Amino acid sequence: MLLPKKVKHRKQQRGMLRGRATQKVNLDFGTVGLRAIEGSWLTGRQIEAARRAMTRFIQRGGKIWIRIFPDKSVTFKGLEVGMGGGKGAVDHFVAVVKAGTILFEMDGVPVATARQALRLAAYKLPVRTKIVVKGEI
């Protein structure tokens, strides 16, 4: 599961998820990619599940690039804990994904196979996505 080895600040504020992405919007490594249509938080578990689905479908052929990393901490205060007492402990990490971000890229396999693998990966994610191919954009 993806999570940072070390962080400068243990707890973060939630932030806003408005607007479109300005970074990671082009296919820089592969020829086929998976683009987010809407913004969301993706946990390390969801990213890993999508990666496994793609890798198994292409039978460990080709190359996959994961363009996002969960580096934002999410805290959880626990059930039946009263108000006050400060912020809760870090529960898990998420990647902040804005609309238009490329999530995964793939190369080294036929485009039809890559499309099918990315479609299987998209089922694992809580965000609407679109498959993009270099040259068709």
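Preceding this section is the structure that the text describes.
Residues numbered from 1 in each chain as written. Predicted model: local features only at pLDDT ≥ 70, side-chain atom pairs only at ≥ 80, totals over all residues. Heavy atoms only, no water.

Draft legend 1. Representation of the nonpolar core within the structure. Ranked by size, the top nonpolar core spans 24 residues in total, and within it Leu 42, Met 54, Leu 103, Phe 104, Met 106 and Leu 125 carry the most contacts. Secondary structure elements with two or more residues in this core: β1 (32-36), α1 (44-57), β5 (89-97), β6 (102-107) and α2 (111-123). In terms of residue count, α2 provides more of this core than any other element does, five residues in total. The residues touching Leu 125, leaving out its near neighbours within four places in the chain, are Leu 34, Leu 42, Gln 46, Ala 50, Leu 103 and Phe 104. (Core = buried A, V, L, I, M, F, W, Y, C linked by side-chain atoms within 4.5 Å. Buried < 20%, exposed > 50% of the residue type's maximum accessible area, 1.4 Å probe, protein only. Helix = DSSP H or I, 4+ residues; strand = E, 2+ residues; numbered from the N terminus. Contact = heavy atoms within 4.5 Å.)

Draft legend 2. Focus on the sheet that holds strand β3 (residues 63-66). The antiparallel open sheet is built from four strands, whose spatial order is β3-β6-β1-β7. Edge positions in the open sheet fall to β3 and β7 (129-133), since each of these has one partner strand only. Ignoring which end each strand starts from, the neighbouring axes of this sheet average 20° apart. Sheet topology note: the β1/β7 ladder contains five bridges and is antiparallel. Directly across from Ala 36, in β7, lies its bridge partner Thr 129. (Pairing = 2+ DSSP bridges. Axes fitted to C-alpha atoms, helices over the stretch in contact; angles between N-to-C directions.)

Draft legend 3. Highlighting the layout of surface pockets. Here the largest pocket defines a volume of roughly 260 Å³. Taken together, 13 residues line the largest pocket, and the ones lying closest to its centre are Gln 23, Lys 24, Val 96, Lys 98 and Thr 101. Of the residues in the lining of the largest pocket, the class split is six nonpolar, three polar and four charged. (1 Å grid on protein atoms, 1.4 Å probe; cavity = no way out; pocket = protein on both sides within 12 Å on 5 of 7 lines; lining within 4 Å. Points joined across faces, edges and corners; volume = space filled by probe spheres on them. Nonpolar A, V, L, I, M, F, W, Y, C, P; charged D, E, K, R; others polar.)

Draft legend 4. View of the pattern of salt bridges. On inspection of all chains with the given rule, the structure shows four salt bridges. For Glu 38, the salt bridge identified is with Arg 128, shortest N-O distance 3.3 Å. Here Glu 38 is found in the loop between β1 and β2 (40-43), whereas its partner Arg 128 is found in the loop between α2 and β7, with 90 residues between them in sequence. Given the relative accessible area of 28%, Glu 38 is considered partly exposed. Connected through salt bridges with shared partners, the residues Asp 28, Arg 67 and Glu 105 form a single ionic network. (Salt bridge = Lys/Arg side-chain N within 4 Å of Asp/Glu carboxyl O.)

Draft legend 5. Spotlight on the packing of α1 against α2. Two elements in contact, α1 and α2, have axes separated by 8 Å at closest approach and are oriented at 150°. When the axes of α1 and α2 are compared, the pair comes out roughly antiparallel. The interaxial crossing formed by α1 with α2 has right-handed handedness. Contacts from Ala 50, Ala 53, Met 54 and Phe 57 of α1 reach α2 at Thr 113, Gln 116, Ala 117, Leu 118, Leu 120 and Ala 121. (Parallel < 35°, antiparallel > 145°, perpendicular 65-115°, else oblique. Left-handed = near helix turned anticlockwise from the far one by under 90°.)

Draft legend 6. Representation of the environment of Gln 116. Following the sequence through the fold, Gln 116 ends up in helix α2. For Gln 116, a relative accessible area of 29% translates into the label partly exposed.

Draft legend 7. Structural context of the side chain of Thr 101. Along the chain, Thr 101 falls in the loop between β5 and β6. A distance of 2.8 Å separates the side chain of Thr 101 from the backbone oxygen of Lys 98, its partner in a polar contact. Sequence-distant contacts of Thr 101, defined by excluding residues within four places in its chain, comprise Ala 21, Lys 24, Leu 34, Arg 35, Ala 36 and Ile 68. (Polar contact = N/O pair within 3.5 Å; in protein donor to acceptor, adjacent residues only side chain to side chain.)

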